[in-house]
Amino acid sequence: MTVPIESSSDTSPLDLTGRAPDVDERFDEGVLDETLWWPYYTPHWSSRDRAAARYTVGAPGLELRIEADTPPWAPDLDGDLRVSHLQTGQYSGALGSGDGQHRFRPGLVVREEQPDRLLWLPRFGVIEARLAAIRHPSAMVAFWPIGFEERPDDCGEICIAEIFGSEMDETGGWVGVGVKPQNDPRLHEDFEKIRVEGDLTDFHDYAVEWTPERLRFFIDHRWVKTVEQTIDYPVQLMLDVYEFPPEDGERDAASFPHRFRVASVRTYPPVGG
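Residues numbered from 1 in each chain as written. Predicted model: local features only at pLDDT ≥ 70, side-chain atom pairs only at ≥ 80, totals over all residues. Heavy atoms only, no water.

Enquirer: What is the right way to read unusual backbone geometry from this model?
Expert: As a rule of thumb, non-glycine residues mostly have phi less than zero, and peptide bonds are mostly trans rather than cis. Residue Phe256 is joined to Pro257 through a cis peptide bond whose omega torsion reads -5 degrees. If you trace the backbone, Pro257 turns up in the loop between β17 (238-243) and β18 (258-268). If you check the backbone angles, Phe124 has positive phi at about 70 degrees while not being a glycine. By the element assignment, Phe124 lies in the loop between β6 (117-118) and β7 (125-132). (Helix = DSSP H or I, 4+ residues; strand = E, 2+ residues; numbered from the N terminus.)

Here it is, written out as structure tokens:
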């Protein structure tokens, strides 16, 4: 990793000594725990049918897949982008309204009403996932909690890991971390890509330590970035693999399925919380 470790508390390694997670999800029960996870990608802008995840769970953990017959999730809004995704909440408004999570472009309206799901919505503490990326130029994996967005401005993103297969090589790759405002006017973008040495298709730990004052980001418990702003509302966890359309329009049939492996996801309550 190219980011140095300094001696101040701002840049010290992540220390979880003596702290126990309030949720320790290892995906090892053989069925997805739907008290924690909603297996659809913002289906209010599309439909549950198109936005449904393809996955398996079991002793090795979670595997999210994009397969040869996975359809684009919202072709008239997002082109040929394909997604397999889990999230830990769901909020959207009435059919035809513009009220819904992750308003990724102007003019969106709810096309299919969804039930509200308030499942696993941390606010402050540590959020950590152990995951393995995909080295393919069309693939990207991400772990990116966003505001539950019951109030429209409460929509900022904490990007814990964003890894493009096109930005990986034989010795390492680039991992995006930081804060993205999305549509929260109180936030400004503070996001960067960190060079990490080693095979990113192996498992690595990606985490954020989130306090009312700042967010500190870690890879394999080593500090990589501090953001001197914060998000003061509950977030839902967003975990997914994307397949972007290739420039020549021809999908790589030999590469399917794209397999995004996740060994665990944990949250730790804030110290003293």
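Having seen the model, we can carry on.
Enquirer: What exactly am I supposed to notice about the pairing of strand β3 (residues 61-66) here?
Expert: By the criterion of burial, β3 is predominantly enclosed, with six of the six residues buried. With four bridges connecting them, strand β2 (residues 55-58) and β3 associate as antiparallel partners. The partner of Thr56 across the bridge, within β3, is Glu63. Between β2 and β3, which pair antiparallel and follow one another directly, the connecting turn spans two residues. Pairing geometry for β3 and β18, over five bridges, is antiparallel. Across the sheet, Glu63 pairs through a bridge with Arg261, a residue of β18. (Buried < 20%, exposed > 50% of the residue type's maximum accessible area, 1.4 Å probe, protein only. Pairing = 2+ DSSP bridges.)

Enquirer: Quick question: what am I supposed to make of the packing of aromatic side chains here?
Expert: Under the defined criterion, the tally for this structure stands at 10 aromatic pairs. Consider the rings of Tyr41 and Trp73, whose centres lie 4.7 Å apart with planes at 80 degrees: the pair is edge-to-face. Of this pair, Tyr41 sits in the loop between β1 (23-25) and α1 (48-51) while Trp73 sits in the loop between β3 and α2 (75-78), and the two are 32 residues apart along the sequence. The class of Tyr41 is buried, set by a relative accessible area of 4%. An angle of 65 degrees between the planes, with centres 5.3 Å apart, marks the rings of Phe124 and Trp210 as edge-to-face. Of this pair, Phe124 sits in the loop between β6 and β7 while Trp210 is found in strand β13 (residues 204-210), placing the two residues 86 residues apart along the sequence. (Phe/Tyr/Trp six-rings, centres within 6.5 Å; stacked < 30°, edge-to-face > 60°.)

Enquirer: Would you mind going over the side chain of Glu209 with me for this structure?
Expert: In this structure, Glu209 sits in strand β13. Not counting chain neighbours up to four residues away, the residues in contact with Glu209 comprise Leu14, Arg19, Gly125, Val126, Arg214, Leu215, Arg216 and Phe218. (Contact = heavy atoms within 4.5 Å.)

Enquirer: Can you walk me through the environment of Leu237 in this structure?
Expert: Positionally, Leu237 belongs in the loop between β16 (235-236) and β17. We classify Leu237 as buried; its relative accessible area is 0%. C-alpha separation for the pair Leu237 and Asp190, spaced 47 residues apart in sequence, amounts to 19 Å. When neighbours within four sequence positions are excluded, Leu237 is seen to be in contact with Leu86, Gln87, Thr88, Trp120, Pro122, Ile127, Phe143, Pro145 and Val265.

Enquirer: Could you clarify how one ought to interpret the side chain of Glu63 in this entry?
Expert: Examined against the element boundaries, Glu63 turns out to sit in strand β3. In terms of polar contacts, Glu63 uses its side chain to reach the side chain of Arg259, at 2.9 Å. (Polar contact = N/O pair within 3.5 Å; in protein donor to acceptor, adjacent residues only side chain to side chain.)

Enquirer: I'm lost on the state of the cysteines in this one. Help?
Expert: By definition, a disulfide is the covalent link that joins the sulfur atoms of two cysteine residues. Enumeration over the complete set of coordinates arrives at zero disulfides. The thiol of Cys155 is unpaired, and the distance to the nearest cysteine sulfur, on Cys159, comes to 15 Å. Assessed through its relative accessible area of 1%, Cys159 is described here as buried. (Disulfide = S-S within 2.5 Å.)

Geometric descriptors of this kind do not, in isolation, establish any biological role.
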